[in-house]
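Observations on the model geometry
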Amino acid sequence: MSAAEILRAAAPVETSAPVAGETPRLRIQDVRLEYATRGKTVVAIDNISIDVPDNQFAVIVGPSGCGKSSLLYLVAGLAQPTSGEILLGDEEVDGPGPDRGMVFQSYTLFPWLTVRENVEFGLKRRKMPAAEREAIVNRYLNETGLAAFHDAYPKQLSGGMMQRVAIARALANDPKILLMDEPFGALDSQTRNTMQKLLLRVWEENRKTVLFVTHDIDEAILLGDRIYVMTARPGRLKEEIIVPIARPRTMDMVMDPEFIAVKRRILELLKNEIKDDEH
Ligand SMILES: Nc1ncnc2c1ncn2[C@@H]1O[C@H](COP(=O)(O)OP(=O)(O)OP(=O)(O)O)[C@@H](O)[C@H]1O
């Protein structure tokens with residue numbers, strides 16, 4: 001049986017499935033992105049359309065340079081599409097906003113603020129009363145295992161701990177959508193596994209809509225409800241895969257036949273892309 005057949009045959013699983021008839025909050029419609037560099041036009045993204053169902057964990061994978069980060073930047077409102085539109089509910093995205101939280105690969109903490117102050121930053125800017133702020137910050141410090149480090153400064157933390165702070169900070173702002181661009185890409189493999197487990201646990205408690213970019217196929221399958229596989233540049237949507245693995249997820253699920261079938265399918269899709277690229 002091919003990987004695609006195993007996937008089709010896999011029993012439907014209980015996941016945070018979209019409610020029929022509801023319009024998802026995040027819709028990427030016919031989006032094209034061109035960059036102009038030194039008189040040349042580079043098409044980074046070519047007519048991508050994706051509906052991300054609410055409260056799902058959506059992952060984007062694809063060959064290097066296919067436009068994954070660019071797509072996330074567009075949703076974040078840090079860049080504008082050349083054509084097409086990105087909708088959050090009924091509103092077109094035309095800039096960054098507190099309804100979208102970002103976690104990047106490189107550490108983006110404020111070095112002069114403590115862990116607690118970093119997590120509290122957005123809430124303070126919104127002038128939330130101190131008692132309410134403290135309760136929210138404590139909740140996310142606890143959820144991310146940072147309570148004992150609340151007074152530390154970023155330079156005293158390891159890479160994994162800094163990413164915990166970035167995740168806690170993003171969640172504390174209660175965004176509608178969490179955008180994560182290779183958040184564990186700079187970590188060693190053991191820390192990466194620890195962070196994947198932590199994110200699984202925290203996500204299962206919060207169930208935010210997530211759009212997550214990664215190069216790591218195991219990570220994509222372990223975390224995702226659905227995976228969008230992109231073509232080589234110019235990035236188009238090659239296939240959307242619904243991950244037929246129940247939650248809560250655990251690391252030992254990497255040995256499950258469904259996990260292996262999804263992995264085979266993604267590898268097949270990516271292998272063809274790299275071949276296509278060479279001709
Ligand atoms: N500011 C820019 N100006 C010109 N070209 C750009 C710019 N940013 C990205 N590109 C190009 O657009 C394409 C897509 O880049 P992007 O970083 O979105 O891809 P990616 O899939 O995230 O890459 P990677 O997997 O290597 O992180 C690449 O060819 C890149 O060189």
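Residues numbered from 1 in each chain as written. Predicted model: local features only at pLDDT ≥ 70, side-chain atom pairs only at ≥ 80, totals over all residues.

1. Regarding the overall build of the protein chain
A count of helices and strands for the protein chain gives eight helices and 10 strands. Burial analysis of the protein chain (279 residues in total) assigns 36% to the buried set. Expressed as a percentage of contacts within the protein chain between residues at least 6 apart in sequence, the contacts between residues at least 24 apart total 72%. (Helix = DSSP H or I, 4+ residues; strand = E, 2+ residues; numbered from the N terminus. Buried ≥ 20, exposed ≤ 12 C-beta atoms within 10 Å, placed from the backbone. Contact = placed C-beta atoms within 7 Å.)

2. What about helix α5 (residues 159–172)?
Helix length check: α5 (14 residues) gives 20 Å between terminal C-alpha atoms against 20 Å at 1.5 Å per residue, within 8%. Taken across its 14 residues, α5 has 12 buried, putting it largely inside the fold. Within α5, burial applies to M161, M162, Q163, R164, V165, A166, I167, A168, R169, A170, L171 and A172. At its buried positions, α5 is contacted by β6 (100–103), α3 (115–125), α4 (130–143), β7 (177–181) and α6 (189–206). (Expected span 1.5 Å × (residues − 1).)

3. Structural notes on the domain arrangement of the protein chain
For interface size, the figure often reported is the accessible area lost on association. Entries for the protein chain in the domain assignment read domain 1 (3–99 + 180–189 + 205–278) and domain 2 (107–174). Counting residues at the interface gives seven residues for domain 1, matched by seven residues for domain 2. Classifying every residue of the side of domain 1 that touches domain 2 by side-chain character gives five nonpolar, one polar and one charged. (Domains from an automatic or database assignment. Nonpolar A, V, L, I, M, F, W, Y, C, P; charged D, E, K, R; others polar.)

4. Observations regarding the UniProt feature "domain: ABC transporter" (unreviewed entry) in the protein chain
Taking the numbering used here, the UniProt-annotated feature "domain: ABC transporter" (unreviewed entry) corresponds to residues 26–257. Between the first and last C-alpha atoms of residues 26–257 the distance is 31 Å; the span itself is 32% helix and 27% strand. (UniProt positions renumbered as here; feature names shortened; annotations may be inferred.)

5. Re the confidence of the model for the protein chain
Detailed reading of predicted coordinates is not advised where the pLDDT is low. Residues at a pLDDT of 70 or more form 90% of the protein chain, whose mean pLDDT is 89. Here residues 11–18 is a poorly scored stretch, pLDDT under 50, and it has 13 contacts once near neighbours within four places are set aside; other chains count. (pLDDT = per-residue confidence, 0-100.)

6. A short note on unusual backbone geometry
Put simply, R233 and P234 share a cis peptide bond, and its omega is 0°. Along the polypeptide, P234 turns up in the loop between β9 (226–230) and β10 (237–242). Note that the residue after R247, namely P248, is joined by a cis bond; omega there is 0°. As for its position among the elements, P248 is in the loop between β10 and α8 (257–278).

7. Describing the sheet that holds β7
The mixed open sheet is built from six strands, whose spatial order is β6-β7-β8-β3-β9-β10. With partners counted over all chains shown, the strands left at the sheet margins are β6 and β10, one partner each. Neighbour-to-neighbour, the strand axes of the sheet open up by a mean angle of 15°, direction not taken into account. Pairing analysis gives four bridges linking β6 to β7, with the strands arranged parallel. Bridge pairing in β7 places R100 opposite I177. Packed onto the sheet, α5 meets β6 and β7 and runs at close to 180° relative to β6. (Pairing = 2+ DSSP bridges. Axes fitted to C-alpha atoms, helices over the stretch in contact; angles between N-to-C directions.)

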